[in-house]
Amino acid sequence: MKTIVFLGSHKSGSSYEAIRAADGMGYYTVLLTDRPSYIDKRLEFPHAHSVRLCHLDDRDEIGGAIDRLVMERFDICAIVSFVDPHCLTASQMSGRYGLKGFSEAAVAAMLDKVKSRELLKRTPYSPFFHVSDNPALPLKAARELPLVLKSPLSSGSKDVYPARTAEEYRKVFLLLKKQYPSVPVLAEKYIDGPQVLIETLTAGGKTHIAAMVEQEVTFTGRFIITGYRMPAAPDDISPLGKAAKAIVRLFGMEDGPCHLELRQGRGGWVLIEANPRISGGAMNVLIQTAAGVDLAGETLKCALGLPFCVEPKCLRETYLQYITADEGGVLEKVTGKTAAQNSPGVERVYVKPKKGTVLSPPLSMGHRYAYVIATGASGEEAKANAKTAAEKIKFHLSPV
């Protein structure tokens, strides 16, 4: 039986959309997870035909699990992961079993924020950056204030802080070293300009741009993306499109997905972050709504060595609005979902937390608890439709 093995998944979002797509393509799907609750709540994963417990930081244990699948007569066609911690492991295991997989060195470089900066430091796509284990602010870095400080291990906007002054730099530096004593702190020049997300898929060294998505960044002590606008078809030959393709090439990506976050500075487009996977959350649904492309499914085809297509099948102005909690507490109920769904232009409403979940104000992307996707005759109309609908959804909380 032709089988695709997934290393880790969330219960929703792009990582689970990939499992759904594999099922729809006729593959037997095996989810290896290190979360015992996924075994207990097996019915929450209807598109995963087999869910098996496995320590995903232990390659030998993963190998043992795959060997058992082979002994059980499963024909392993691909080993993939759509979540950060396991993307590199999936590439390495693909190589071990002689499968196509994605470019291992490029995946490793993208997951290492310091290595990413080093690769691009002599190009126009990198801002000033400084890597240090010393809380003293060097003169060359002081000239670049304001800065953004982050741990090289951070993801989803966790452990990313602004520093406008030397004193803020020192405080944030010491905070990050307390959390991650064994790794240096990465400081980057803060770029004050529009931010865009680029979704790419590369095969045989040729990079295809699947989506260009404008991002709305909300600062809550962290940089949280709360809105995404997907307008027309991606423009490969625009300065932004050329920059994205050049960056993917600089990383050495021959085969695989990548999403880039770039900001427009005075000298052009600058890379904020690169990740070797499709963006998480509702990104796959947003692209499906706006362009008719199931990017998670097309990414699987790339992993399988099959022809894929990311050309838009339709073009609709679409806006994705995330909803966060204004304060912390235990969720008692959510109201307004039906009203939001019935609002003009709304294509989808999704609420993630269940009654009894502890919510908090947004300190990472994981604290985005619901979303609305809406379309419109123009980008402004789509945005207005999504925001109007989102305002109808209310979280009713009790104190923790």
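Before reading further, recall that the structure is shown in the block above.
In this text, all values refer to a predicted model and were calculated from it rather than measured experimentally.

How each quantity is defined
- Residues numbered from 1 in each chain as written.
- Predicted model: local features only at pLDDT ≥ 70, side-chain atom pairs only at ≥ 80, totals over all residues.
- Heavy atoms only, no water.
- Helix = DSSP H or I, 4+ residues; strand = E, 2+ residues; numbered from the N terminus.
- Contact = heavy atoms within 4.5 Å.
- Salt bridge = Lys/Arg side-chain N within 4 Å of Asp/Glu carboxyl O.
- Buried < 20%, exposed > 50% of the residue type's maximum accessible area, 1.4 Å probe, protein only.
- Arc of directions from axis to C-beta.
- Polar contact = N/O pair within 3.5 Å; in protein donor to acceptor, adjacent residues only side chain to side chain.
- Phe/Tyr/Trp six-rings, centres within 6.5 Å; stacked < 30°, edge-to-face > 60°.
- Lys NZ or Arg CZ within 6 Å of the ring centre and 35° of its normal.

A. Focus on the environment of Leu32. Along the chain, the position of Leu32 falls in strand β2 (residues 28–33). Sequence spacing of Leu32 and Lys189 is 157 residues, and the spatial spacing of their C-alpha atoms is 39 Å. Among all residues touching Leu32, those that are not within four sequence positions of it are Val5, Phe6, Leu7, Gly8, Arg52, Cys54, Leu56, Ile62 and Ala65.

B. The arrangement of the pattern of salt bridges in detail. Going through the model one piece at a time under the given rule, you end up with 18 salt bridges. Ionic pairing is found between Asp255 and Lys100, a salt bridge with its closest N-O pair at 3.3 Å. With Asp255 in the loop between α9 (239–250) and β12 (256–265) and Lys100 in the loop between α4 (84–96) and α5 (104–111), this pair connects stretches of sequence that are 155 residues apart. The partner of Asp133 in a salt bridge is Lys177, and the shortest N-O contact between them spans 2.7 Å. Placement of Asp133 in the loop between β5 (129–132) and α7 (139–142) and of Lys177 in helix α8 (residues 166–179) is noted, with a sequence separation of 44 residues between them. Because the salt bridges share partners, they merge into one network encompassing Lys11, Glu44 and Lys354.

C. Highlighting helix α6 (residues 113–120). Burial in α6 covers these residues: Lys113, Val114, Ser116, Arg117 and Leu120. Viewed end-on, α6 has its buried residues packed into an arc of 160 degrees, placing them on one side of the element. As for α6, its buried residues are in contact with α5, β5, β6 (147–150), β8 (185–189), α9 and β13 (268–275). A side-chain oxygen of the first residue of α6 lies 3.0 Å from the backbone nitrogen of Val114; this N-cap is Asp112.

D. Quick look at the packing of aromatic side chains. All chains considered together, the criterion is met by 10 aromatic pairs. Ring plane angle 65 degrees and centroid distance 6.0 Å describe the contact between Tyr16 and Phe45, whose orientation is recorded as edge-to-face. With a gap of 29 residues between them, Tyr16 in helix α1 (residues 14–24) and Phe45 in the loop between α2 (36–40) and β3 (50–53) connect regions that are remote in the sequence. Members of the aromatic cluster, connected to one another through ring pairs, are Tyr228, Tyr322, Tyr350 and Tyr371. Lying over the aromatic face of Tyr322, Arg368 brings its terminal NZ or CZ to 3.8 Å of the ring centre.

By themselves these figures say nothing about function.
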